[in-house]
Amino acid sequence: MTVQKHCKIIEIRTLTSDIFSFLLDAGALAEAARPGQFVHVKCGEGLLLRRPISICDVREDKLRIVFQVRGVGTQWLSERTTGEVLDVLGPLGNGFQLPETGKVLLVGGGIGSAPLLFAGRATSNGATAALGFRTGGGAILTEDFEQAEIPVQIASEDGTVGTQGTVDQVVQRCLKEEDYSVVLACGPTPMLRALSQVIEGEGVPCQVSLEERMACGIGACLTCSCKVKGHYMRVCKDGPVFRCEEVDWDA
Ligand SMILES: Cc1cc2nc3c(=O)[nH]c(=O)nc-3n(C[C@H](O)[C@H](O)[C@H](O)COP(=O)(O)OP(=O)(O)OC[C@H]3O[C@@H](n4cnc5c(N)ncnc54)[C@H](O)[C@@H]3O)c2cc1C
Ligand code: FES
C-alpha cells in the first residue's frame, strides 16, 4: 500500500560532512515498508520531481532515511530542521527477498549501505555486512550494523579503514570463510558490476538494488528504464531490486 504522507522530522544526525540521517514520524507508511523499498521525497516547492531515497530502517511507525548531498534536491533536504514536515510518497518498489534459511551476506558501497541495515535487521538467520568506502572518513552506519549484531567487514580504497581495496575482495573472502544462502547488494553500478563477476561461479544467489534517475517513481514514465533479461524494466516499479544474473551489465 503506497501512501502520500506529511512526515515530521523527529531526529537529524550528521554522519559525515555531506551525509545525513533523518528519523521520520511516518505512521502507516513505515508500517507497510519492507527492506529494499524506497520513498519518494518532495524537495521543496521549486523542484517538480521528487527524489528517491531508500528506506534505511523502520522501528514501528518511525522510518529512517540516510542521504548524501548530490545536487539541488538533497542540498535542500540537508537544510531541513527537526520538527519540519516532509512530503513523502511510499513505500515504493519491490524490495529484497529474504531467505527462509541460511545466513545473508549484505554488500554495500558508500551510501548504498543504507538499505542493507533494514534488510539485515529483518533476517532471522544471521547476516554479515561487507561494506566498501572510498576513505575511512566516509564510512557510515558501521555502529548501527554492530548494534544489530551484524558483524561488519570494511574495505576502503585508501586503506584508512578496514582492508585496503574494494568491497568485492572482501566478498570473495567472506564466501570462502562461510556459507551464505543469498547475497544482497546496493551501491554504485561499477561496484555492482564487479560484484557480479565475483558472484559468477560461486553458486550463491545474489540480488542487487539498482539506481537510475527517476521522475514519476510509480512506473508511469519509463525514465528509470534499465536492461534486465534482454528487456527494458522500470527500476521504480519492477525493481529497484533485481536478480544479479539477469541484469545486463554492459547495456
Ligand atoms: C531506488 C533509489 C534509492 C536511492 N536511495 C538513496 C539513498 O538512500 N540515499 C542517497 O543519498 N541517495 C539515494 N539515491 C540517489 C538519490 O536519489 C539521488 O542522489 C538524488 O535523487 C539526487 O538528487 P539531487 O537533486 O540532489 O541531485 P541532482 O541535481 O538531480 O543530480 C546531482 C547528481 O546526482 C546524479 N543523480 C541524480 N539522481 C540519481 C540517481 N537516481 N542515481 C544515481 N545518480 C543520480 C546526477 O546524475 C548528478 O550527477 C537513490 C536512488 C534510487 C533510484
Ligand atoms: S520513474 Fe517513471 S517509470 Fe520509473
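Fair warning: this is a prediction, and the values are worked out from it, not measured in the lab.

So, how was this worked out
Residues numbered from 1 in each chain as written. Chains lettered and ligands numbered in written order. Predicted model: local features only at pLDDT ≥ 70, side-chain atom pairs only at ≥ 80, totals over all residues. Heavy atoms only, no water. Helix = DSSP H or I, 4+ residues; strand = E, 2+ residues; numbered from the N terminus. Rg over C-alpha atoms; globule rule 2.2 N^0.38 Å. Buried < 20%, exposed > 50% of the residue type's maximum accessible area, 1.4 Å probe, protein only. Contact = heavy atoms within 4.5 Å. Areas by Shrake-Rupley, 256 points an atom, 1.4 Å probe, with all protein chains shown as cover. Lys, Arg positive; Asp, Glu negative; His and termini not counted. Charge placed at Lys NZ, Arg CZ, Asp CG, Glu CD. Salt bridge = Lys/Arg side-chain N within 4 Å of Asp/Glu carboxyl O. Pairing = 2+ DSSP bridges. Axes fitted to C-alpha atoms, helices over the stretch in contact; angles between N-to-C directions. Near = heavy atom within 4 Å. Polar contact = N/O pair within 3.5 Å; in protein donor to acceptor, adjacent residues only side chain to side chain. 1 Å grid on protein atoms, 1.4 Å probe; cavity = no way out; pocket = protein on both sides within 12 Å on 5 of 7 lines; lining within 4 Å. Points joined across faces, edges and corners; volume = space filled by probe spheres on them. Nonpolar A, V, L, I, M, F, W, Y, C, P; charged D, E, K, R; others polar. Domains from an automatic or database assignment. Buried area = accessible area lost by both parts, 1.4 Å probe.

1. Comments concerning the overall build of the chain
Thought 1: Each helix and strand in the chain was counted, giving six helices and 16 strands.
Thought 2: For the chain, whose C-alpha radius of gyration is 17 Å, the value lies close to the compact-globule estimate of 18 Å for 251 residues.
Thought 3: Within the span of the chain, comprising 251 residues, buried residues form 50% of the whole.
Thought 4: Residue pairs at least 24 apart in sequence account for 61% of intrachain contacts in the chain once pairs closer than 6 positions are excluded.
Thought 5: As presented, the chain carries roughly 11800 Å² of accessible surface, and 46% of it is formed by carbon and sulfur atoms.
Thought 6: When the 24 basic and 31 acidic side-chain charges of the chain are each reduced to a single mean position, those positions are 6 Å apart.

2. Examining the pattern of salt bridges
Thought 1: Going through the model one piece at a time under the given rule, you end up with twelve salt bridges.
Thought 2: We note a salt bridge from glutamate 11 to arginine 13, for which the minimum N-O separation is 3.3 Å.
Thought 3: Judged by relative accessible area, which is 34%, glutamate 11 ranks as partly exposed.
Thought 4: Residue arginine 13 is classed as partly exposed on the basis of its relative accessible area of 35%.
Thought 5: The salt bridge partner of arginine 80 is glutamate 84, with a shortest N-O separation of 3.0 Å.
Thought 6: Take arginine 80: its relative accessible area is 17%, and that puts it in the buried class.
Thought 7: Several salt bridges converge on common partners, so that one network encompasses Lys229, Arg243, Glu245 and Glu246.

3. Thoughts on the sheet that holds strand β10 (residues 152-156)
Thought 1: As summarised here, the arrangement of the seven strands in space is β11-β10-β9-β8-β12-β13-β16, forming an open sheet in which the pairing is mixed. Sheet topology places β11 (163-164) and β16 (241-243) at the edges, where each strand pairs with a single neighbour.
Thought 2: With respect to the sheet, helix α5 (residues 167-177) is in contact with β8 (104-109), β9 (127-133), β10, β11 and β12 (182-186), its orientation differing from that of β10 by roughly 145°.
Thought 3: Against the sheet, helix α6 (residues 189-199) touches β8, β12 and β13 (206-209), its axis set at about 165° to β12.

4. Concerning the site of ligand 1
Thought 1: Neighbouring residues of ligand 1: 19 residues in total, closest Arg51, Pro52, Gly73, Thr74 and Arg213.
Thought 2: With respect to ligand 1, the side chain of arginine 51 contributes an N or O atom lying 2.7 Å from an oxygen atom.
Thought 3: A distance of 2.9 Å separates an oxygen atom of ligand 1 from a polar atom in the backbone of glycine 71.
Thought 4: Bound to the protein, ligand 1 loses 81% of the 860 Å² it would expose on its own.
Thought 5: Of all elements in the fold, only β4 (51-54), β6 (62-68) and α2 (72-78) reach the threshold of two or more residues within the shell around ligand 1.

5. Digging into the layout of surface pockets
Thought 1: For the second largest pocket, the calculated volume is near 350 Å³.
Thought 2: Lining the second largest pocket we find 17 residues, and of these Gln97, Gln207, Val241, Phe242 and Arg243 sit closest to its centre.
Thought 3: Those elements giving two or more residues to the lining of the second largest pocket turn out to be β13 and β16.
Thought 4: Sort the elements by how many residues they give to the lining of the second largest pocket and β16 lands first, with three residues.
Thought 5: Residue classes in the lining of the second largest pocket are distributed as eight nonpolar, four polar and five charged.

6. Brief notes about the domain arrangement of the chain
Thought 1: If you check the domain split of the chain, you get domain 1 (3-92) and domain 2 (104-209).
Thought 2: With centres defined by C-alpha atoms, the gap from domain 1 to domain 2 works out at 23 Å.
Thought 3: Contact with domain 1, which involves 17 residues of that partner, is made by 13 residues of domain 2.
Thought 4: Each partner contributes to the roughly 1200 Å² buried at the junction of domain 1 and domain 2, and carbon and sulfur atoms together form 66% of this total.
Thought 5: Among the residues domain 1 hides against domain 2, the three largest losses belong to Pro35, Cys56 and Asp57. Together they make up 33% of the total.
Thought 6: For the pair domain 1 and domain 2, the number of links is two salt bridges.
Thought 7: In this structure, arginine 121 engages aspartate 57 in a salt bridge whose closest nitrogen and oxygen atoms are separated by 3.0 Å.
Thought 8: Of all elements in the fold, only β1 (3-16), β5 (57-59) and β6 reach the threshold of two or more residues within the side of domain 1 that touches domain 2.

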